[in-house]
Amino acid sequence: MGDTIFGKIIRREIPADIVYEDDDVLAFRDLNAQAPVHVLFVPKKPIATLDSATAADAELLGKLLLAAAAYARNEGLAEQGYRTVINCNEHGGQTVFHLHVHLLAGRQMHWPPG
Ligand code: AMP
């Protein structure tokens, strides 16, 4: 599997504004924020896309979502609400092929997304 910019962030080879870390998950601010709060939650394991995740990754995927939810709650974002997004492959708009959950908050979200 090819390395990505997120792999370099995980290994601290390039800088990022890291807001959360545990044994399995790293979270940092999106460089091109689409909302007042825009944080990316990435598994340290380099899974390329949601499509390439397997049953062996079930616990890790759960941890990823729960880390995003806990961050939102701790930051006082949960009551007003937020959006989580996982883009998969070309039509999903995925540009970095290391699975990540976008957490967007701080403004009204709209549906359907563009
Ligand atoms: P996606 O299009 O779902 O693959 O999302 C990739 C996201 O990564 C985009 O929102 C980019 O703005 C963001 N991004 C790309 N490079 C960096 C970086 N070095 N640090 C933080 N965010 C990044």
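Refer to the structure printed above.
Predicted model only: the values in this text are computed from it and were never measured.

(A) Seen up close, the overall build of the chain. Check the secondary structure of the chain and you find 3 helices and 5 strands. Compactness check: the chain gives a C-alpha radius of gyration of 14 Å against a globular reference of 13 Å for 114 residues, within 12% of the reference. Projected onto its principal axes, the C-alpha positions of the chain cover 40 × 30 × 25 Å. Looking at the 114 residues of the chain, the share that counts as buried comes to 37%. At a minimum sequence separation of 6, the contacts of the chain that also span at least 24 residues come to 52%.

(B) Quick peek at the pairing of strand 2 (residues 25–29). Most of strand 2 is tucked away: 4 of the 5 residues are buried. Sheet topology note: the strand 1 (residues 18–21)/strand 2 ladder contains 3 bridges and is antiparallel. Note that in strand 2 the partner of I18 across the bridge is F28. Inspection of the sheet shows strand 2 paired to strand 3 (residues 37–43) by 5 bridges, in the antiparallel sense. Paired with R29 across the two strands is V39, which belongs to strand 3.

(C) Region of interest: unusual backbone geometry. Note the cis peptide between W111 and P112, where omega equals 0 degrees. Along the polypeptide, P112 turns up in the segment after strand 5 (101–105). Unusually for a residue other than glycine, R12 sits at a positive phi of about 65 degrees. Relative to the helices and strands, R12 resides in the loop between helix 1 (5–10) and strand 1. Of the residues examined, R12 reaches a relative accessible area of 45% and is grouped as partly exposed.

(D) Just the environment of A53, in detail. With respect to the helices and strands, the residue A53 is situated in the loop between strand 3 and helix 2 (58–74). Along the chain, A53 and L99 lie 46 residues apart, while their C-alpha atoms are 8.8 Å from each other. Apart from the residues lying within four places of it in its own chain, the contact partners of A53 are I47 and L61.

(E) Geometry of the pattern of salt bridges. Counted by the stated rule, this structure contains 9 salt bridges. A salt bridge links D3 to R11, with the shortest nitrogen-to-oxygen separation between them at 2.7 Å. A relative accessible area of 46% places D3 in the partly exposed class. K63 is the partner of E59 in a salt bridge, and the nearest nitrogen-oxygen pair spans 3.8 Å. With E59 and K63 both in helix 2 and 4 residues apart, this pair spans about one turn of that helix. Its relative accessible area of 34% is what places K63 among the partly exposed residues. One network of salt bridges, in which partners are shared, links D3, K8, R11 and E13.

Procedures and definitions
Residues numbered from 1 in each chain as written. Predicted model: local features only at pLDDT ≥ 70, side-chain atom pairs only at ≥ 80, totals over all residues. Heavy atoms only, no water. Helix = DSSP H or I, 4+ residues; strand = E, 2+ residues; numbered from the N terminus. Rg over C-alpha atoms; globule rule 2.2 N^0.38 Å. Buried < 20%, exposed > 50% of the residue type's maximum accessible area, 1.4 Å probe, protein only. Contact = heavy atoms within 4.5 Å. Pairing = 2+ DSSP bridges. Salt bridge = Lys/Arg side-chain N within 4 Å of Asp/Glu carboxyl O.

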